[in-house]
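Survey of secondary and tertiary structure
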Amino acid sequence: MRELLIRDITEHDDNCVRRVPIFSGLTTEQQDLVATVARPQILSAGELVHGAGERTGKMFVVHTGEIKLSRTLPSGRKQLLRVARPGETLGEHAFLTGNSTLEEAEARSQTRLCVFVHDDLTKLIDQYPNIAHRMLRTLGDRLAHTEHRLTLSSQSVDVRIADYLLQQPLIRRGPVTNGIMRVQLPLSKKDIASLLGTTPESLSRALSRLRNKGFLTVDDDIVSLLQPDELEHLITGD
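Residues numbered from 1 in each chain as written. Predicted model: local features only at pLDDT ≥ 70, side-chain atom pairs only at ≥ 80, totals over all residues. Heavy atoms only, no water.

The next thing to look at is the packing of helix α7 (residues 157-167) against helix α10 (residues 228-236). Taken N-terminus to C-terminus, the directions of α7 and α10 make an angle of 130°; their axes are 9 Å apart at the nearest point. When the interaxial angle is binned, α7 and α10 end up oblique. For the pair α7 and α10, the sense of crossing is left-handed. Contact residues: α7 offers D158, V159, A162, D163 and L166, while α10 offers P228, L231, E232, L234 and I235. (Axes fitted to C-alpha atoms, helices over the stretch in contact; angles between N-to-C directions. Helix = DSSP H or I, 4+ residues; strand = E, 2+ residues; numbered from the N terminus. Parallel < 35°, antiparallel > 145°, perpendicular 65-115°, else oblique. Left-handed = near helix turned anticlockwise from the far one by under 90°. Contact = heavy atoms within 4.5 Å.)

Written out as structure tokens, the structure reads:
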């Protein structure tokens, strides 16, 4: 069974490369060349890509599935930093700096990766410097997002969850009732709480407060934003 899966991912490596922003500036022919050095890796749910502090010598691209990246705090509590989804990369920082990995990376479900050994990636960048430029842009965007979260870390959980909800894509399927916007939580409430630097209990209480104020309703993993303007005012303090 595993051999069949490896053969299947090998046949689809080009799709993996085509959906990655750092390779999007290449021609189709150049992307095909990149795909020839992409090595397949298949992980089961809960399996580690790497631990924190490892020197993998590789950069990873998510083909299908999701990878959780987290750090262990001095208290021993593990905090979720982000979830890498199809087309997203992990390990760029270690490649660019030569340092060990900063986070633990774990598969949330069965996941297919396209893996680039550092030596192969270096040769590709020598041929196509634009890859490095886009890699730096990706890291810059990620840094900006992290800084935004840090600015909110001293705010209440209500503010943090309001900001998180407003960043989620709106659900486009189904009828829109009275212009109400709806979002689907992409993670479990436990993982969202970890991402926002709080506890599941505090997250639930914050959602209850926002619901009692008439700002939103929660139905399992669907959140209806009844008063998005009020959520924005909560964040800005206006």
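This brings us to the sheet that holds strand β1 (residues 39-43). Taking strand neighbours across the sheet as the criterion, the four strands line up as β1-β8-β3-β6 in an open arrangement whose pairing is antiparallel. This sheet does not close on itself; its edge strands, each paired only once, are β1 and β6 (89-90). Two elements, β1 and strand β8 (residues 111-117), share five bridges in a ladder whose sense is antiparallel. By the bridge assignment for β8, P40 is matched with C114. Each of β1, β3 (58-64) and β8 is contacted by helix α5 (residues 118-127), which is oriented at about 70° to β8, the strand it contacts most. (Pairing = 2+ DSSP bridges.)

For the rest of this paragraph, the subject is the packing of α7 against helix α9 (residues 200-212). Where α7 contacts α9, the two axes come as close as 9 Å, and the packing angle between them is 80°. Relative to α9, α7 is oriented roughly perpendicular. Packed against α7, whose contacting residues are V157, D158 and I161, the element α9 presents S202, L203, A206, L207, R209 and L210 at the interface. Residue classes in the contact of α7 with α9 are distributed as six nonpolar, one polar and two charged. (Nonpolar A, V, L, I, M, F, W, Y, C, P; charged D, E, K, R; others polar.)

This brings us to the sheet that holds strand β10 (residues 216-219). As summarised here, the arrangement of the three strands in space is β9-β11-β10, forming an open sheet in which the pairing is antiparallel. Edge positions in the sheet fall to β9 (181-184) and β10, since each has one partner strand and no second. The average angle at which neighbouring strand axes cross in this sheet is 20°, direction not considered. Summarising the sheet, β10 and strand β11 (residues 222-225) pair through four bridges and their orientation is antiparallel. Counterpart to D219 in the pairing with β11 is I222.

Without other data, these values stay purely geometric and don't point to any function.
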